[in-house]
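# Coordinate analysis (summary)
Chain by chain, the residues:
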Number of protein chains: 2
Amino acid sequence: MIETKLDIQENPNKKAKPDPDKLQFGKTFTDHMFTMEYTRDKGWFQPQIVPYAPITLEPAAMIFHYGQSVFEGLKAYINTQGDVQLFRPEENLKRLNRSNARLSIPPVSEELLLEYLKELLSLEKDWIPRAEGTSLYIRPFIIATEPSLSVAPSKSYKLMIVLAPVGSYYPEGIHPVSIQVEGHFTRAVRGGTGTAKTGGNYSGGYNAQEKAADQGHAQVMWLDGVEKKYIEEVGSMNVFFKIDGQVITPELNDSILEGVTRKSIIELLKDWNVDVVERKISMQELHQAYKDGILEEAFGAGTAAVVSPIGELSWDDETLIINGRQTGELTKSLYTTLTGIQTGKLPDPFNWTVQIK
Amino acid sequence: MIETKLDIQENPNKKAKPDPDKLQFGKTFTDHMFTMEYTRDKGWFQPQIVPYAPITLEPAAMIFHYGQSVFEGLKAYINTQGDVQLFRPEENLKRLNRSNARLSIPPVSEELLLEYLKELLSLEKDWIPRAEGTSLYIRPFIIATEPSLSVAPSKSYKLMIVLAPVGSYYPEGIHPVSIQVEGHFTRAVRGGTGTAKTGGNYSGGYNAQEKAADQGHAQVMWLDGVEKKYIEEVGSMNVFFKIDGQVITPELNDSILEGVTRKSIIELLKDWNVDVVERKISMQELHQAYKDGILEEAFGAGTAAVVSPIGELSWDDETLIINGRQTGELTKSLYTTLTGIQTGKLPDPFNWTVQIK
């Protein structure tokens, strides 16, 4: 008998909501969180919504030693009808289980977890900011909790969902950023963990990120780990290029993360009859396109920024200035359409959104 | 003014010591632990020895999301004079700082940390088991504690040292194991985090480890991430081969961890006038040596097992049986000498050991 009944302990001490104009990313959390436990004999059990509070773990808990963890990120909005709205949450939950498989973490029920998330969001509805560009960021994550120094999968886990009201990614409007092509550090390689949303993929990139920041760039563009030649991702986003009217994004190759925004952009472009292709693209080819004057637009795509235009690419001693450092027309349309669908301001012909009544 | 004075809070509730014959690896911990905090304005501060107890962190603490963590592993013994004895602890502390640099974690004072560790060990001396093959395993580790979902280095950290009395790695005597050469999964690649002792390197290997175990093997042998051709490590150990009288270990290459046992073995072999070389070695070359009848011995080397002989290597459809599945003479000598020096049963001509009076 698996315990799946959600227990809700309401927080008697509600916090004041933050000033919507001063929201940062992921610093403020709501009054409640979701937690669920796993042991080998019980499976996933004890789903509960409890007051947001610190958690207590053994110093020997495996998460502190061997990095066995996965996470997801998605957003909730208040749509024009005043309902809570999610964007393709089932895609995030599917990916959570793909990440679990890669990290030897037992799978969760995607259906149940979505139900629990909906309950949490209903309870925290007042925390969802309504100003342009703001949202409630949802962070599900799983950590290994067994107190043991054995290098082996944990026998127990904790799954949590925390919620953070977040400000606009572009408080001064969408603007292109400068990116450094990273020649030394590697984000991921085939056979590694690059396709999974697991902690180590992110902290492993900090050295490169700091180097890029020191040189005045917003982020790094990652090349493949094998040949250091093919473009993979930009920062923690997928990447797209418009070359001579065609949109190109690196194909999924066992080291690139399969982004929900990436997938949605590809589907949107196909719907718009824009030529879009997933294939390998080398930095050399991109440079040639630039020299030929046919590199028209470039942008990152991910949940946090949705779409992030690239104004400048620094590659060894060269600087590629893209579209005169202006946001391209297609980039702009994708941003407007995606955020419009996500927030409910535009119709959703793809059935991507989920409303919580 | 940096606070470096160690505060000691003795545990009034001492636990019973475990049965030395039933010790497992890293499941039982001593009465005390060392903790120290870091913030950007204070640096590392508040070094203290406190009763071993669970720790409390925000659910948003960065360790749970982006894997920013490093660790070390070393052992303490009671030598024949009855003193606490460490083996090359300064090498572990140097590596801790190398790992810190790779993970964008601020460096620690190696000298101070060694002093704090000595204090902790003096207090916990009675926890060091004395039976053959047993020891006190020392686990220093650092975790990112800032409560923020930003993908960026944490602004605060916690360093801890926990101690675990551990049993003999070979309760039935040293014996060769069966290893599967891993063709798909990758442990690390140049430009990645393979040279650092960081959590993600370990949990990223669980899929491969489980696959090997399913097929009856004790561990995997990792090949390089670029060509999937050159031998890198075995499980979480460095690896050595004796071919036609010469000992070969893969050269450090920006993806292999620089093991303290590895380094000590190389120095020991040189002292013995055994031909030892650090260079690239492919699985193809190893196979050829096997076919030529000159692959004489093979073993893993690491802190936990010290030396772990390889009896059998499974590579695609082939099985390479090494030295008739017996522990080789050189492997045996290395094990006996290293453990002899570590425990103080043999003289230490290299000045590798540190005694705590």
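Residues numbered from 1 in each chain as written. Chains lettered and ligands numbered in written order. Predicted model: local features only at pLDDT ≥ 70, side-chain atom pairs only at ≥ 80, totals over all residues. Heavy atoms only, no water.

### Some details on the side chain of Thr198 of chain A
Residues and elements named next belong to chain A. Mapped onto the elements of the fold, Thr198 is located in the loop between strand 10 (177-182) and helix 4 (199-203). Given the relative accessible area of 4%, Thr198 is considered buried. Setting aside residues up to four positions removed in sequence, Thr198 forms contacts with Gly67, Ser69, Val70, Phe71, Leu103 and Thr193. (Helix = DSSP H or I, 4+ residues; strand = E, 2+ residues; numbered from the N terminus. Buried < 20%, exposed > 50% of the residue type's maximum accessible area, 1.4 Å probe, protein only. Contact = heavy atoms within 4.5 Å.)

### Considerations on the packing of helix 6 (residues 260-271) of chain B against helix 8 (residues 329-343) of chain B
Residues and elements named next belong to chain B. Look at helix 6 against helix 8: their axes get within 11 Å of each other, and the N-to-C directions meet at 110°. One element, helix 6, and the other, helix 8, form an angle in the roughly perpendicular class. On helix 8, the residues touching Thr261, Ser264, Ile265, Leu268 and Leu269 of helix 6 are Leu330, Leu334, Thr337 and Leu338. Here the residues of the contact of helix 6 with helix 8 sort into six nonpolar, three polar and no charged. (Axes fitted to C-alpha atoms, helices over the stretch in contact; angles between N-to-C directions. Parallel < 35°, antiparallel > 145°, perpendicular 65-115°, else oblique. Nonpolar A, V, L, I, M, F, W, Y, C, P; charged D, E, K, R; others polar.)

### So, the side chain of Asn100 of chain B
As for its position among the elements, Asn100 of chain B is in helix 2 (residues 89-102). On the accessibility criterion, Asn100 of chain B (0% relative accessible area) is buried.

### Overview of the pattern of salt bridges
According to the stated counting rule, one finds 40 salt bridges over all chains in the structure shown. In this structure, the salt-bridge partner of Lys27 of chain B is Glu146 of chain A, at a minimum N-O distance of 3.4 Å. A residue pair is termed interchain when its members come from two chains, as with Lys27 of chain B in the loop between strand 1 (7-8) and strand 2 (32-39) and Glu146 of chain A in the loop between strand 8 (135-144) and strand 9 (156-166). Since its relative accessible area comes to 31%, Lys27 of chain B is described here as partly exposed. Residue Lys155 of chain B is joined to Glu146 of chain B by a salt bridge in which the shortest nitrogen-to-oxygen separation is 3.8 Å. Exposure remark for Glu146 of chain B: the relative accessible area of 10% places this residue in the buried category. (Salt bridge = Lys/Arg side-chain N within 4 Å of Asp/Glu carboxyl O.)

### A few points about the UniProt feature "modified residue: N6-(pyridoxal phosphate)lysine" (unreviewed entry) in chain A
Residues and elements named next belong to chain A. Sites flagged by UniProt as "modified residue: N6-(pyridoxal phosphate)lysine" (unreviewed entry) map to Lys197. Looking at where Lys197 falls in the secondary structure, it is placed in the loop between strand 10 and helix 4. Among the residues examined, Lys197 registers a relative accessible area of 10% and is labelled buried. Excluding its chain neighbours within four sequence positions, the residues that come into contact with Lys197 are Ser69, Val70, Phe71, Glu72, Arg95, Ser99, Tyr202 and Leu257. (UniProt positions renumbered as here; feature names shortened; annotations may be inferred.)

### Some remarks on the relation of the copies chain B and chain A
Expressed as a screw transformation, the operator carrying chain B onto chain A has a rotation angle of 180° and an axial translation of 0.0 Å, and the superposed copies differ by an RMSD of 0.0 Å. Both copies are brought into coincidence by an operation consistent with a two-fold rotation axis. When the interface residues of chain B are mapped onto chain A, 100% of them are again interface residues, pointing to one common binding face. (Least-squares fit on C-alpha atoms with pLDDT ≥ 70 in both.)

### Some words on unusual backbone geometry
Of note in this structure, Gln46 of chain A is not a glycine but carries a positive phi near 55°. Looking at where Gln46 of chain A falls in the secondary structure, it is placed in strand 3 (residues 43-51). Residue classification places Gln46 of chain A among the partly exposed positions, given a relative accessible area of 37%. One non-glycine residue, Asn273 of chain B, lies in the positive phi region at around 60°. Structurally, Asn273 of chain B can be placed in the loop between helix 6 and strand 15 (276-278).

### As for the packing of aromatic side chains
With the rule as written, the count across this model stands at 25 aromatic pairs over all chains. Where Phe71 of chain A meets Tyr66 of chain B, the ring centres are 5.5 Å apart and the plane angle is 85°; that geometry is what we call edge-to-face. Of this pair, Phe71 of chain A sits in strand 5 (residues 69-71) while Tyr66 of chain B sits in helix 1 (residues 63-66), on two different chains. According to the relative accessible area criterion, Phe71 of chain A is buried, its value standing at 2%. One aromatic cluster is present, built from ring pairs that chain together Phe64 and Phe141 of chain A together with Phe64 and Phe141 of chain B. One residue, Lys280 of chain A, lies across the ring of Tyr230 of chain A, its end atom 4.4 Å from the ring centre. (Phe/Tyr/Trp six-rings, centres within 6.5 Å; stacked < 30°, edge-to-face > 60°. Lys NZ or Arg CZ within 6 Å of the ring centre and 35° of its normal.)

### Remarks on the domain arrangement of chain A
Residue and element names in this part refer to chain A. Taken domain by domain, chain A comprises domain 1 (7-166) and domain 2 (177-343). For domain 1 versus domain 2, the distance between C-alpha centres works out to 27 Å. Each side of the interface is counted separately: domain 1 has 24 residues, and domain 2 has 21 residues. Note on domain 1 versus domain 2: buried area summed over both sides is about 1900 Å², and carbon and sulfur give 53% of it. Its largest share of buried area at the contact with domain 2, domain 1 owes to Phe71, Phe87 and Arg95, together 31% of the area lost on that side. The interface formed by domain 1 and domain 2 includes three salt bridges. The partner of Lys263 in a salt bridge is Glu91, and the shortest N-O contact between them spans 3.2 Å. In this assembly, domain 1 and domain 2 are joined by 15 residue pairs in polar contact (both at pLDDT 80 or more). Listed by contribution, the elements that provide at least two residues to the side of domain 1 that touches domain 2 are strand 5, strand 6 (74-78), strand 7 (84-87) and helix 2 (89-102). With six residues, helix 2 is the largest single contributor of residues to the side of domain 1 that touches domain 2. (Domains from an automatic or database assignment. Buried area = accessible area lost by both parts, 1.4 Å probe. Polar contact = N/O pair within 3.5 Å; in protein donor to acceptor, adjacent residues only side chain to side chain.)

### Details of the interface of chain B and chain A
Between chain B and chain A, the residue contacts involve 63 residues of the former and 63 residues of the latter. Surface buried jointly by chain B and chain A totals about 5200 Å² across both partners, of which 56% is contributed by carbon and sulfur atoms. For the pair chain B and chain A, the interface holds two salt bridges. Summed over the shared surface of chain B and chain A, the result is 39 residue pairs in polar contact (both at pLDDT 80 or more). Broken down by secondary-structure element, the contributors of at least two residues to the side of chain B that touches chain A are strand 4 (55-57), helix 1, strand 5 (69-71), helix 2, strand 8 (135-144), strand 9 (156-166), helix 4 (199-203) and helix 5 (206-214) of chain B. Partitioned by chemical class, the residues of the side of chain B that touches chain A number 31 nonpolar, 21 polar and eleven charged.

### Looking at the environment of Gly183 of chain B
All names here are of chain B. Considering the arrangement of structural elements, one finds Gly183 in the loop between strand 10 (177-182) and helix 4. Residue classification places Gly183 among the exposed positions, given a relative accessible area of 53%. Between the C-alpha atoms of Gly183 and Trp222, which are 39 residues apart in sequence, the distance is 7.9 Å.

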